[in-house]
Amino acid sequence: KGGIESIERWELLLPDGADPSYASPPAVAGQAFVFGTRANGIIFNTKLISPKDLPQTTKEVGLPKYKGKFYTAPWTTYVDYGILVYPKDEWLEIMRSWGQGKVTTIRSRGGIERMMLGEFVFEPFSNTHYYFEFKPKGDPIGAAFFQDVVPLSVLLHVVRKKARHPNAGKLFALWATGSEANQIFEKYSGTPNMYLKTSQKGNEEAGLMKQQRAKPVTWFDTKENMATLMWYTTKEGEAYEEEIGKALKLK
């Protein structure tokens, strides 16, 4: 919409460790810059279920054997990615199976805290940065990924036009793409960056995905994906997202 300040010659100004191929996605090259990633997978209580017994696909979540063992978070952004993999009607049916099988709707942090106490078995499409936050505390927490859909949120900084200090904003946005910034973000927020080779948690997360043959998808993978994201801003897209909320029984 013309509200973002572009950064000229940004490729030459990137800090050590930042890869120009990933630091600014092609769809927003020179305007938005990656400082972290958040993958959505399965957070589970390792005392209540083993990785091999978890649902391997989003479709399997709706199987009778998982009924009453999981909850979902009270928003749809984490499931919107599904139509990048499945036809819209089929994805809506998958979400209905989740809504019919879940215990309740609860925010992820509170749900995970109760899960660690044994109240729930798993959360599908949870932000896996919670795994890195709870694991050091000694909680029985595990992380896994579906083999069909792995939403990968790309966290971006932008500089607004008419910013009070645009040059400082540009320097910060570029600095945040590098290793030094990532180490700080990982330490204090648990946020990895799978696009950085030096990201310890990003490498661990990528390793888990590789082991489980999971492939993440983002809105920035292709122009078609970006167009799908924009479709959600249309009346038709808004109506579909509302149907997703009803299917998941979100209030």
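Residues numbered from 1 in each chain as written. Predicted model: local features only at pLDDT ≥ 70, side-chain atom pairs only at ≥ 80, totals over all residues. Heavy atoms only, no water.

1. A few points about the overall build of the protein chain
(1) Moving on: Helix and strand content of the protein chain: 10 helices and five strands.
(2) Moving on: Computed over its C-alpha atoms, the radius of gyration of the protein chain comes to 19 Å, within 12% of the 18 Å expected for a compact globule of 251 residues.
(3) Moving on: Its C-alpha atoms give the protein chain principal-axis dimensions of roughly 55 × 45 × 30 Å.
(4) Moving on: In the protein chain, buried positions account for 49% of the 251 residues.
(5) Moving on: Carbon and sulfur atoms make up 52% of the accessible area of the protein chain, which totals about 13,200 Å².
(6) Moving on: Charged side chains of the protein chain number 33 positive and 28 negative; the gap between the two group centres comes to 3 Å. (Helix = DSSP H or I, 4+ residues; strand = E, 2+ residues; numbered from the N terminus. Rg over C-alpha atoms; globule rule 2.2 N^0.38 Å. Buried < 20%, exposed > 50% of the residue type's maximum accessible area, 1.4 Å probe, protein only. Areas by Shrake-Rupley, 256 points an atom, 1.4 Å probe, with all protein chains shown as cover. Lys, Arg positive; Asp, Glu negative; His and termini not counted. Charge placed at Lys NZ, Arg CZ, Asp CG, Glu CD.)

2. Quick word on unusual backbone geometry
(1) Moving on: The phi dihedral of K162 falls on the positive side, at around 65°, and the residue is not glycine.
(2) Moving on: Taking relative accessible area as the criterion, K162 reaches 85% and is therefore assigned exposed.
(3) Moving on: The backbone of K249 sits at a positive phi, close to 60°, despite the residue not being glycine.

3. As for the nonpolar core
(1) Moving on: Grouped together as the largest cluster of nonpolar side chains are 32 residues, with contacts concentrated most on V79, W91, M95, W98 and F122.
(2) Moving on: Mapped by element, the contributors of at least two residues to this core are β1 (32-45), α3 (88-101), β2 (122-127) and α10 (235-247).
(3) Moving on: Broken down by element, this core gets its largest block of residues, five residues, from α3.
(4) Moving on: Residues F120, Y130, A143 and F145 belong to the second largest nonpolar core, which totals 21 residues. (Core = buried A, V, L, I, M, F, W, Y, C linked by side-chain atoms within 4.5 Å.)

4. What to know about the pairing of strand β4 (residues 150-158)
(1) Moving on: Pairing of β1 with β4, which is carried by seven bridges, proceeds in the antiparallel orientation. If you follow V34 over to β4, its bridge partner there is L156.
(2) Moving on: By the bridge criterion, two bridges tie β4 to strand β5 (residues 216-217) in an arrangement that is parallel. What sits directly across from P151, in β5, is V217. (Pairing = 2+ DSSP bridges.)

5. Here we look at α10
(1) Moving on: The end-to-end C-alpha distance of α10 is 18 Å, a good match for the 18 Å that 13 residues give at a rise of 1.5 Å each.
(2) Moving on: Looking at α10, one finds that the buried residues are G237, Y240, I244, G245 and A247. Viewed end-on, α10 has its buried residues packed into an arc of 160°, placing them on one side of the element. For α10, the exposed residues set more than 90 degrees away from the buried face come down to K235 and K246.
(3) Moving on: On its buried side, α10 packs onto α3 and α9 (223-231). (Expected span 1.5 Å × (residues − 1). Arc of directions from axis to C-beta. Contact = heavy atoms within 4.5 Å.)

6. Focus: the packing of aromatic side chains
(1) Moving on: Applying the stated criterion to the full structure yields 19 aromatic pairs.
(2) Moving on: Summarising the aromatic geometry, the rings of W10 and F33 are spaced 5.8 Å apart at their centres and angled 70° between planes, so their arrangement reads as edge-to-face. Of this pair, W10 sits in helix α1 (residues 10-13) while F33 is found in strand β1, placing the two residues 23 residues apart along the sequence. For the pair shown, W10 and F33 are each scored as buried.
(3) Moving on: With centroids separated by 5.3 Å and ring planes inclined at 20°, the aromatic side chains of F70 and F122 adopt a geometry described as stacked. Taken together, the positions of F70 in the loop between β1 and α3 and F122 in strand β2 put the pair 52 residues apart, joining distant regions of the chain. Across the pair, exposure class does not vary: F70 and F122 are buried alike.
(4) Moving on: Counting every residue linked through ring pairs, the aromatic cluster contains Y78, Y86, W91, W98, F125 and F146.
(5) Moving on: K88 extends its terminal NZ or CZ atom over the ring of W231, reaching a point 4.6 Å from the ring centre. (Phe/Tyr/Trp six-rings, centres within 6.5 Å; stacked < 30°, edge-to-face > 60°. Lys NZ or Arg CZ within 6 Å of the ring centre and 35° of its normal.)

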